[in-house]
Amino acid sequence: MRKNIAIGADIGGSHITCAAIELESGKILRNTISERTVNNQAPADDIIGVWADALAGSLKKVPFENVKGIGFAMPGPFDYVKGICYIRGVAKYENLYGINVSEAIAKGLQVPDDFLIRFMNDASSFAVGEAWAGSATKAKRSLSITLGTGFGSAFISERIPIVDGPLVPKIGCVYHLPYRDGIADDYFSTRGLLGRYKKITGKELSGVKELAALSSSEKVVMDLFTDFGDNLALFLAPWLSGFGAEILVIGGNISHAYNLFGDVFENRLKKENCSSEVALSKLKEDAALMGSAYLLDDGFWKSVQHALPLM
């Protein structure tokens, strides 16, 4: 029996989304999509239980004998080789610290000992998904970023995340790089935008969607997005050019407001002599699912071995 299906699992801050994906075609079997809300402050057993229940929801929709394994798009810190969670000091999943998620999921699903369960960083999974079946399919080299709760990024060459070497920052992502009086993650994120709005107006908003809705009535909002786009381009241009990225793929919640900062962003890139094409994510929420499922592709799995311990 051909094992031509992989289950992709995207672990978000308060949810899990799973789906069965055909490895040869890259097609998501839509009837297998399974989602659950997760209390990220719950005890470890409860979190694993919800994840296992969501995965079971996808698995039962396909012949088990055709399933090659499960791939997880997982936030860090995490041992992506051994499947052990090391999240600590943030307000999510801290009770999973030290837990071998691979073993716990295998036990929860009662799968055979040889059933494959693999892990990759969530930002890398997003980027790999876009390179496999999204906006970066025609590019040999790409940079994909997610602008949302945090500032995710991954440099990709021939579908493989590049996490070391002279052409990329340490650990192959940019969120931790110094920027202004903090790091890039503080500035190019939802909390960064909303924080600057609150500092100027004294008003607290719930999200970027609410902020964007004020753009036609409050000049300060347009100024914020203009500043955001200009500075994002200044920050990324040296890395895009140095890496030789043919395309930059942009995803995440803030990308839904691209009409408010996209022109400024792309014009600044050109002024900085950066020739990378810019595209919004084609796959959107499906990108990380696709990238995680791709962990079950034999060629990709062999090639990504070097990168996993460094993520």
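Look up: the structure comes first, before these words.
Let us look at the structure shown here. (Residues numbered from 1 in each chain as written. Predicted model: local features only at pLDDT ≥ 70, side-chain atom pairs only at ≥ 80, totals over all residues. Heavy atoms only, no water.)

## Observations concerning the sheet that holds strand β2 (residues 15-22)
Taking strand neighbours across the sheet as the criterion, the five strands line up as β3-β2-β1-β4-β7 in an open arrangement whose pairing is mixed. Both edges of this open sheet fall to β3 (34-37) and β7 (116-121), since each of them pairs with a single strand only. Geometrically, the sheet is characterised by an average inter-axis angle of 20 degrees between neighbouring strands, direction not taken into account. Across the sheet, helix α1 (residues 44-59) is in contact with β1 (5-11), β2, β3 and β4 (67-74); its angle to β3 comes to roughly 165 degrees. Each of β1, β2, β4 and β7 touches helix α9 (residues 286-293); the most contacted strand, β1, lies at about 130 degrees to it. (Pairing = 2+ DSSP bridges. Helix = DSSP H or I, 4+ residues; strand = E, 2+ residues; numbered from the N terminus. Axes fitted to C-alpha atoms, helices over the stretch in contact; angles between N-to-C directions. Contact = heavy atoms within 4.5 Å.)

## A few points about the nonpolar core
If you look at the biggest cluster of nonpolar residues, it comprises 64 residues, and the most contacted ones within it are W51, L55, F72, M74, V101 and I105. Sort the elements by how many residues they give to this core and α1 lands first, with eight residues. Ignoring any residue separated from it by four or fewer positions in sequence, one finds W51 in contact with I11, I16, V38, M74, Y93, L96, V101 and I105. (Core = buried A, V, L, I, M, F, W, Y, C linked by side-chain atoms within 4.5 Å. Buried < 20%, exposed > 50% of the residue type's maximum accessible area, 1.4 Å probe, protein only.)

## Some points on the packing of helix α3 (residues 122-133) against α9
Packing of α3 against α9 brings their axes to within 6 Å, and their N-to-C directions diverge by 90 degrees. With respect to α9, the axis of α3 lies roughly perpendicular. Note on element contacts: α9 touches α3 through A287, A288, M290, G291 and S292, opposite D122, S125, F126, V128, G129, E130, W132 and A133. Looking at the contact of α3 with α9 residue by residue, the classes come out as seven nonpolar, four polar and two charged. (Parallel < 35°, antiparallel > 145°, perpendicular 65-115°, else oblique. Nonpolar A, V, L, I, M, F, W, Y, C, P; charged D, E, K, R; others polar.)

## A word on the pattern of salt bridges
Counted according to the given criterion, the structure contains twelve salt bridges. Two residues, R180 and D227, come together in a salt bridge whose shortest N-O distance is 3.9 Å. Here R180 is found in the loop between β11 (178-179) and β12 (182-183), whereas its partner D227 is found in helix α7 (residues 219-243), with 47 residues between them in sequence. The exposure class of D227 is partly exposed, given its relative accessible area of 26%. In this structure, K203 engages E218 in a salt bridge whose closest nitrogen and oxygen atoms are separated by 3.6 Å. Taken together, the residues span a long stretch of sequence, with K203 in the loop between α5 (190-201) and α6 (208-213) and E218 in the loop between α6 and α7 at a distance of 15 residues. Overall, the relative accessible area of 43% leaves K203 in the partly exposed class. The class of E218 is buried, set by a relative accessible area of 17%. Overlapping salt bridges, with partners in common, bring together D185, D186 and R191 in one network. (Salt bridge = Lys/Arg side-chain N within 4 Å of Asp/Glu carboxyl O.)

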